[in-house]
Amino acid sequence: MQSLSESQVHTLRAVVDRIIPKDDYPSASEAGCVEFLLHLIEQESLVDSYRIGLDGVEAYSHGTAFADLSAHQQDEVLESLAKKPRSRKFITLVARQTMEGYYSDPGNGANRGGRAWEMIGFKVTA
Amino acid sequence: MKYDAIVVGSGAGGGIAACLLAEAGKKVLVLEKGRELGFADVPRDHLRNHRFAKYGHGTGPEIDGNPRLFNGRQVRPHEGGYQNNASCVGGGTLVYGAQAWRFHPLDFRMATTYGVPDGSSLADWPIQYEDLERYYERAEWEIGVAGGEPAPQMPPRRPYPMPAFPHTTKAKKLKAGCDKLGWTYQTPPLLINSVDHAGRKACTHCQHCVGFACPVDAKNGTQNTVIPRALVSGNCVLESKAYVTRLLKSRGGKVTGVSYVNERGERCSASSEVVVLACGAIETARLMLNSRLGGPMVGTSLQGHYYAIVAGIMRDPIWDGDGPGVSISTLEFNHGNPGIIGGGMMADDFITLPVGYAMNFRPSGVPSWGQAHKDWMRETYRRFMQVGGPIHEIPKVDCRVNVSTSVRDRWGVPAASLSGTTHPETVRTTKFMLERATEWLKASGAERTYHGEPGLHLSAGQHQAGTCRMGTDPAASVVDVDCRVHGHDNLFIADSSVHVTNGGFNPVLTIMALSFRTTDRLIKSW
C-alpha cells in the first residue's frame, strides 16, 4: 500500500483547515490533525480512499491548487463535492475523522496542548 | 484434577457464583476468556473505549480472531453490530457505569400486566420480585452501593451501605424541572464508593467513568470484591486468557466438564461435578449451541435496551465536570403509561466527552464541518445535557443468537451469528419516553431539545439478555426456576441469558441478585 504523496498531504492540510478553521483557537492542522490522519488511515486501511478523495478535490479546483484557493473558494469546492454522490463519502469521512482527532484526548496527537478542550471548556480534574 | 465446580466467565454473574461456591468449601475453577486488567491497562483513549469504540476499545475481546456475524455481515469486536461487552477479569463490571437498579415488581409480570402483543415472546418471569428481594440486598451490601431512599414507586428496602452522591449542577436544574412537573426523583444508586469503603478509596469525581477503569479503584465490580474473596478462601483457581470452546458430556449426555484453550494456547480440559455458565447472553448461548445443549429455545429472544435519549441546550453553562455525572432520575414512567407497554427509568447521563458530543449530538441546522461547527462546539458544550434511559424491551423469538456454519474464530469454533429486529411495541414505548424526556428538559429550562428517531433494529449490546430464558415449561424455556438447564441437573446459568424480560433499568444488579440466588440454592441442594 502506497502512502500519500507530498502533494496529497499538502491538499489534505488545506482540506482539514476548512473543516476546522483557525480563529483564536488552532486550526485542525495546527492541532496535529494531519499527522493524526496519516497514522489513522494507514491503521484503518483507508489510504486508497484518501488518495482518490484528495485527487478528486484537486480535480475540482479548476486548475488552481486547492491550497492556493481563497478560503471562500475552498469551502465552495468542498460543499460542491459533499453534494456529489461520488465524492460525498470522502468529504463525510475526512470531516468526521478530523473532528475525531481534534476533540479527542491529546494522547491521540490531534489536540495539541489540549487546546480544543480549553476552547469548549472540558477539564480533566482527576 | 477434578473440581467441584467450573465457572465459565468472571463478570457480574460468574464472579459471584465463584465466590459463594468457594466460600462454601467447594473447589472452584474459574475460566475467564479475557485478561486481568487494571487502570494502567485501560487507557483514557477517547477513540478506543466502550462508549466510543470505532477504532478499538480498552478491554477485550481482541480485535482479530473473534468475529461475529450481524445480519449476515462479518464484524469485529469494536464494530457496529457486534454487541460487545468487555472481556476481562470482572467482565463489564470493570468499566461499567455501575447503576445499581432493582427491577420493578411489575417488570417480572409483563404478560399479566399488559397482555402479550402479537408476534412477541413477552412472558412473566417464573419468579417474582419477592423471590429476589433478599438477594438484591446482598448484592447492594456485598458489592457495595451508594444511594439514598428508594423511589416511591419501589418497595421499601434496607438502606444502602454508602450515602448518595451529591447532586451535580445539571441535576439541580433537572430537580427544579421535576418539581415543576410534579414528578418524583432520586439519586440513581451506583456501585461506586461515595465514601471510603471496604478498604478502597472514595470516588474522585473524575470525568472518565463509564467505559473506563477507575483510577482509584472506587468502582465496585466483581474483580475487586467477590473474586478476591473467592481467591482468599483458598478454594478457587482463576485462569485468565482461558477460553472455553465447548462443554464435555458423558455418553449418557451428562455434563462432565469443559474443553478450553489456556493462556499458552494449549488445548486442555477440566472436569467437575457442576458447571456454571456466565459468559453473557451471546457467548453463553453460543457455547450451549456449539455444545449441542439446551434444546430449541437456546439463543432466542435476544434483547437489550433501546434508549430514549434527548439532548437539551440550556441558557447558561451547567457543565461542572463533577463525575461520574449521572445524578438524578425518575421512575414516574416505568409503568402505568396509558396505552403503552411498560416504559423505563429516566436519568441524566455520565459526563459526555467532547468527541462524543461532536459526533453524536449535532442538531439539524448545524453544518457537519467548518467554522459554524466549531462555533457550535464552543458555544454549546458547557450548556448541553442529555436525559433518557433504558426502555423495557418487548422481546421476539426471532431476535436471536445462532452459530455460523461458515465463520469460525481463531480456535476454529463457530462464531455467533446475530439476527432479527425488536418488536414494534419497543419502538412505540421509546417514542413515548422521548416525549417525556423532552418534557423534562423543557421544564428544566432547556432552550432547545432534540433527538433521533427510533427505528426497528436488534438491540443487545452491553445490556444483552434473554437467550436462555427461565421458565417452568422445558418447551418454552431453557432453565428452570433455579437457573438449572432443563434436563441437566448439574448445569447452571448465572448471567443475563436467563432474564425473561430485561426490565426498564440497567440490568446489572438483577444479574448479580440472580447469581446470588442461583448459587445459594445450588449450595443448599448440593
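Keep in mind the model is a prediction, meaning the values are calculated, not measured.

### Brief notes about the overall build of chain B
- Counting secondary structure elements, chain B contains 10 helices and 16 strands.
- Rg of the C-alpha trace for chain B: 22 Å, near the compact-globule value of 24 Å for 526 residues, within the 12% margin.
- Taking the principal axes of its C-alpha atoms as reference, chain B extends roughly 70 × 50 × 50 Å.
- Out of the 526 residues belonging to chain B, those deemed buried represent 64%.
- Looking at chain B alone, contacts between residues at least 24 apart form 72% of all its contacts between residues at least 6 apart.
- Summing over all exposed atoms, chain B offers an accessible surface of approximately 18,200 Å²; the carbon and sulfur share of this is 49%.
- Taking the 56 positively charged and 49 negatively charged side chains of chain B as two groups, their mean positions are separated by 4 Å.

### Remarks on the overall build of chain A
- Broken down by element type, chain A carries 7 helices and 0 strands.
- Helices and strands in chain A line up, N terminus first, as α-α-α-α-α-α-α.
- For 126 residues, the compact-globule estimate of 2.2 N^0.38 gives 14 Å, and chain A sits close to it at 15 Å.
- Projecting the C-alpha coordinates of chain A onto the three principal axes gives extents of approximately 50 × 35 × 25 Å.
- Across the 126 residues of chain A, 52% fall into the buried class.
- Looking at chain A alone, contacts between residues at least 24 apart form 62% of all its contacts between residues at least 6 apart.
- The distance from the centre of the 13 positive side-chain charges to the centre of the 18 negative ones in chain A is 5 Å.

### Some remarks on the packing of helix H3 (residues 129-144) of chain B against helix H10 (residues 508-525) of chain B
All names here are of chain B.
- Interaxial distance between H3 and H10 falls to 8 Å at its minimum, and their mutual angle equals 110°. Taken together, H3 and H10 sit at an angle that is classed as roughly perpendicular. Touching Asp131, Leu132, Arg134, Tyr135, Tyr136, Arg138, Ala139, Glu140, Glu142 and Ile143 of H3 are Leu509, Thr510, Met512, Ala513, Leu514, Phe516, Arg517 and Asp520, all from H10.
- Among the residues making up the contact of H3 with H10, the classes are represented as 10 nonpolar, 1 polar and 7 charged.

### Points about the sheet that holds strand S13 (residues 400-408) of chain B
Residue and element names in this part refer to chain B.
- As summarised here, the arrangement of the 4 strands in space is S4-S3-S14-S13, forming an open sheet in which the pairing is mixed. At either margin of the open sheet sits one strand with a lone partner, and together these are strand S4 (73-75) and S13. If you compare each strand with its neighbour and ignore which way they point, the axes differ by 35° on average.
- Relative to strand S14 (residues 414-419), S13 runs antiparallel, the two being bridged by 5 bridges. Following the sheet pairing, Asn402 is matched in S14 by Ser417.
- Contacts from helix H6 (residues 281-290) reach strand S3 (68-70), S13 and S14, with the element oriented near 65° to S13.

### So, unusual backbone geometry
All names here are of chain B.
- Residue Pro61 is bonded to the preceding Gly60 through a cis peptide linkage, with omega at -5°.
- Checked against the element boundaries, Pro61 lands in the loop between strand S2 (28-31) and S3.
- In this model, Gln83 sits at a positive phi of 65°, which is unusual for a non-glycine residue.
- Within the secondary structure, Gln83 is located in the loop between S4 and helix H2 (110-114).
- The backbone of Arg292 shows a phi angle near 50°, a positive value even though the residue is not glycine.
- Tracing the chain through its elements places Arg292 in the loop between H6 and strand S9 (306-314).
- Classification of Arg292 by relative accessible area gives exposed; the value is 74%.

### Remarks on the pattern of salt bridges
Residues and elements named next belong to chain B.
- What the rule picks out here adds up to 34 salt bridges over all chains.
- A salt bridge links Arg383 to Glu447; the shortest N-O distance between them is 3.4 Å. Residue Arg383 is found in the loop between helix H8 (371-380) and strand S12 (384-391), and its partner Glu447 is found in strand S15 (residues 446-450); the two are separated by 64 residues along the sequence.
- Salt-bridge contacts for Lys396 lead to Asp398; the nearest nitrogen and oxygen are separated by 3.7 Å.
- With relative accessibility at 15%, the residue Lys396 sits in the buried group.

### A closer look at the packing of aromatic side chains
- Overall, the coordinates contain 21 aromatic pairs over all chains when judged by the stated rule.
- Geometrically, the ring pair formed by Phe122(A) and Tyr381(B) is edge-to-face, given 6.4 Å between the ring centres and 75° between the ring planes. Within this pair, whereas Phe122(A) is found in the segment after helix H7 (115-120), its partner Tyr381(B) is found in the loop between H8 and S12, the two belonging to separate chains.
- Residues Phe108(B) and Tyr129(B) carry aromatic rings whose centres are separated by 6.5 Å and whose planes lie at 70° to one another, so their mutual orientation is edge-to-face. Here the residue Phe108(B) occupies a position in the loop between S4 and H2, and Tyr129(B) occupies one in helix H3, the gap between them amounting to 21 residues.

About the criteria used
Residues numbered from 1 in each chain as written. Chains lettered and ligands numbered in written order. Predicted model: local features only at pLDDT ≥ 70, side-chain atom pairs only at ≥ 80, totals over all residues. Heavy atoms only, no water. Helix = DSSP H or I, 4+ residues; strand = E, 2+ residues; numbered from the N terminus. Rg over C-alpha atoms; globule rule 2.2 N^0.38 Å. Buried < 20%, exposed > 50% of the residue type's maximum accessible area, 1.4 Å probe, protein only. Contact = heavy atoms within 4.5 Å. Areas by Shrake-Rupley, 256 points an atom, 1.4 Å probe, with all protein chains shown as cover. Lys, Arg positive; Asp, Glu negative; His and termini not counted. Charge placed at Lys NZ, Arg CZ, Asp CG, Glu CD. Axes fitted to C-alpha atoms, helices over the stretch in contact; angles between N-to-C directions. Parallel < 35°, antiparallel > 145°, perpendicular 65-115°, else oblique. Nonpolar A, V, L, I, M, F, W, Y, C, P; charged D, E, K, R; others polar. Pairing = 2+ DSSP bridges. Salt bridge = Lys/Arg side-chain N within 4 Å of Asp/Glu carboxyl O. Phe/Tyr/Trp six-rings, centres within 6.5 Å; stacked < 30°, edge-to-face > 60°.

So, to be careful, I would describe these as geometric facts and stop short of saying anything about function.
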